[in-house]
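Here's the letter readout for the chains.
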Amino acid sequence: MSCLGLDRLYRYLDRDLKPEDAAEVEVHLAGCPRCREEVELRRTLDQAASSLPDLEVPADFAETVMGRIIRAEVPRKSWLAILSIGLGTLGISLGTLILASGQSAMGLLQGFGRDSLRSLQAVFLLVLKFFKLILLAVKVLPELAETGLHGLSRISASFPAGILAFSAVLMLILISTCVLGFRRSFLVRNDIGEDA
Amino acid sequence: MNDDQELVAATLKGNRKAFEMIIRKYQQPLLNYIGRMVGERELALDFTQDVFLRAYACLPSYRPQFKLSTWLFKIASNLVIDFWRKKKIPTLPLDQPLEEDGDGFCLQIPDDKPSVAKTFELGELRARIDRALARLPAALRELFVWRHVNGLSYEEMAEIKGLPVGTVKNKVFQAKELIRRHLEEET
């Protein structure tokens, strides 16, 4: 057997070789002082590396972290309290309103139903008008576009071709920079945020 | 109540004491890892705090089929990578092959001077390894620290980094050889 390669040597030290391969290595080591010394050197370095000193953790570390967690949770809980108080107040106000109106709850509900129907009718009319406006815009737009294009071609005719080409390239660079920049920041953010 | 899964379940039910126990269990290994990755203890303490804060916030998404320690180290690794990116620290791509492997590789024969292992006492050797670690490419240093300082298995490291186990082993061997060379250069 030839001298040990690094991969085999480290696998031998990690006890990662099959028993027959490990036995073969041991036979080789018994007769090769050079490889024996290399194995011993790396074994010593492994032992030293595996017993590096701990970095000192402050005694109150866990309390400090828990303190930060509690501080972060309290504002969230106070928002929940505000929301509960708000909803509670709304409920009490509605109850008081029903009592003060002197009407039965059913009567109030019927009134509310009638009002809702009227509101729905108004919204329906509004949507109809909106569609009419869109139809009008569709009729007018082609004329507007034609006028715009005509104006643009007159402007471009008054500039030399070089300036126009330069402006087009500049616009292209600007747009691609924006798109690429957005893509990059989006990808980086996603990558970092993964798993945590 | 010492089992990690039980501690996680108790934390999710609102038991803060359970999460404090998780912190106490993992503060030392995480600080040892982060400290050797960022090089400054104070900064490492801040990052270790951030790991636990993120873990607490993301605990509902933790999947119990994974080890809690692996999950925490993954969060820490993401924080460290983020730090390297901001600092623009170059990292060696982990898919780059080892210079040479297999039985055909000839070991570096020690010359006349005695090897580092014989020259230094164990304590001095540890201090020198710690200094040599700082000179390793960040990606290799991370694997070396996980293997030797945190005692993670190759399988756990492969799971954290999403790499094949063979690649991880190869990189750890590469890191060890680089450290040995740095130590030889110093003597």
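Computed from a predicted model, the values in this text were never measured in an experiment.

A. Broad picture of the overall build of chain B. Tallying secondary structure elements over chain B gives nine helices and zero strands in all. Ordered by position from N to C terminus, the α and β elements of chain B give α-α-α-α-α-α-α-α-α. Taking the intrachain contacts of chain B between residues at least 6 apart in sequence as the baseline, contacts between residues at least 24 apart amount to 65%.

B. Molecular detail of the environment of I23(B). If you trace the backbone, I23(B) turns up in helix α2 (residues 16–38). As a C-alpha pair, I23(B) and T48(B) span 25 residues in sequence and 9.7 Å in three-dimensional space. Dropping the residues within four chain positions of it, I23(B) is found in contact with F61(A), A62(A), V65(A), M66(A) and F52(B).

C. Seen up close, unusual backbone geometry. Residue and element names in this part refer to chain A. Positioned with a positive phi, R15 is a non-glycine residue whose angle comes to about 55 degrees. Here R15 shows up in the loop between α1 (6–13) and α2 (19–31). The exposure class assigned to R15 is exposed, which follows from its relative accessible area of 77%.

D. Focus on the environment of I22(B). All names here are of chain B. Note on placement: I22 falls in helix α2. Taking the C-alpha atoms as reference, I22 lies 7.4 Å from D4; in sequence the two are 18 residues apart. Once residues lying within four places of it in the same chain are set aside, the contact partners of I22 are L7, V8, T11, F52, L68 and L72.

E. Just the packing of aromatic side chains, in detail. A full pass over the atoms with the stated rule returns nine aromatic pairs over all chains. Their ring planes at 15 degrees and their centres at 5.0 Å tell us that Y10(A) and F173(B) sit as a pair that is stacked. Highlighted residues: Y10(A) in helix α1 and F173(B) in helix α9 (residues 165–186), drawn from two different chains. Taking 4.9 Å as the distance between ring centres and 70 degrees as the angle between the ring planes, the aromatic pair formed by F19(B) and Y56(B) counts as edge-to-face. In this pair, F19(B) sits in helix α2 while Y56(B) sits in helix α3 (residues 41–58), placing the two residues 37 residues apart along the sequence. Assigned by exposure class, F19(B) and Y56(B) land together as buried. Among the aromatic residues, those joined into a cluster by ring pairs are Y33(B), F73(B) and W146(B). Above the ring of Y154(B), the side-chain terminus of R147(B) is found at 4.0 Å from the ring centroid.

F. Expanded view of the side chain of R42(A). Structurally, R42(A) can be placed in helix α3 (residues 33–49). A relative accessible area of 1% places R42(A) in the buried class. Within the structure, R42(A) has its side chain in polar contact with the side chain of E177(B) (distance 2.7 Å).

G. Inspection of a nonpolar patch on the surface at higher detail. Together, L80(A), L83(A), L87(A), L90(A), L94(A) and L97(A) line one region of the surface with nonpolar side chains, adding up to about 630 Å² of accessible area. Residue classification places L97(A) among the exposed positions, given a relative accessible area of 56%.

H. How the structure looks around the nonpolar core. Counting residues in each nonpolar core, the largest one holds 82 residues, and the members touching the most others are F19(B), Y33(B), W71(B), L72(B) and I129(B). Per-element accounting of this core gives the leading share, 11 residues, to α2(B). In contact with F19(B), other than residues within four places in its own chain, are M66(A), I69(A), T11(B), F52(B), A55(B), Y56(B) and L59(B).

I. A look at the pattern of salt bridges. Across all of its chains, the model carries 25 salt bridges over all chains by this definition. Between R147(B) and D14(A) there is a salt bridge; the shortest N-O distance is 3.7 Å. Taken together, the positions of R147(B) in helix α7 (residues 138–149) and D14(A) in the loop between α1 and α2 put the pair across two chains. Judged by relative accessible area, which is 19%, D14(A) ranks as buried. When the shortest N-O distance is used, the salt bridge between D82(B) and K86(B) registers 3.6 Å. Pair noted here: D82(B) and K86(B) are both in helix α4 (residues 68–87), with a separation of four residues, about one helical turn.

Thresholds applied
Residues numbered from 1 in each chain as written. Chains lettered and ligands numbered in written order. Predicted model: local features only at pLDDT ≥ 70, side-chain atom pairs only at ≥ 80, totals over all residues. Heavy atoms only, no water. Helix = DSSP H or I, 4+ residues; strand = E, 2+ residues; numbered from the N terminus. Contact = heavy atoms within 4.5 Å. Buried < 20%, exposed > 50% of the residue type's maximum accessible area, 1.4 Å probe, protein only. Phe/Tyr/Trp six-rings, centres within 6.5 Å; stacked < 30°, edge-to-face > 60°. Lys NZ or Arg CZ within 6 Å of the ring centre and 35° of its normal. Polar contact = N/O pair within 3.5 Å; in protein donor to acceptor, adjacent residues only side chain to side chain. Patch = residues over 30% accessible without salt bridge, like charges linked within 9 Å, V, L, I, M, F, W, Y side chains within 5 Å. Areas by Shrake-Rupley, 256 points an atom, 1.4 Å probe, with all protein chains shown as cover. Salt bridge = Lys/Arg side-chain N within 4 Å of Asp/Glu carboxyl O. Core = buried A, V, L, I, M, F, W, Y, C linked by side-chain atoms within 4.5 Å.

Spatial relationships are all this shows, so hold off on functional conclusions.
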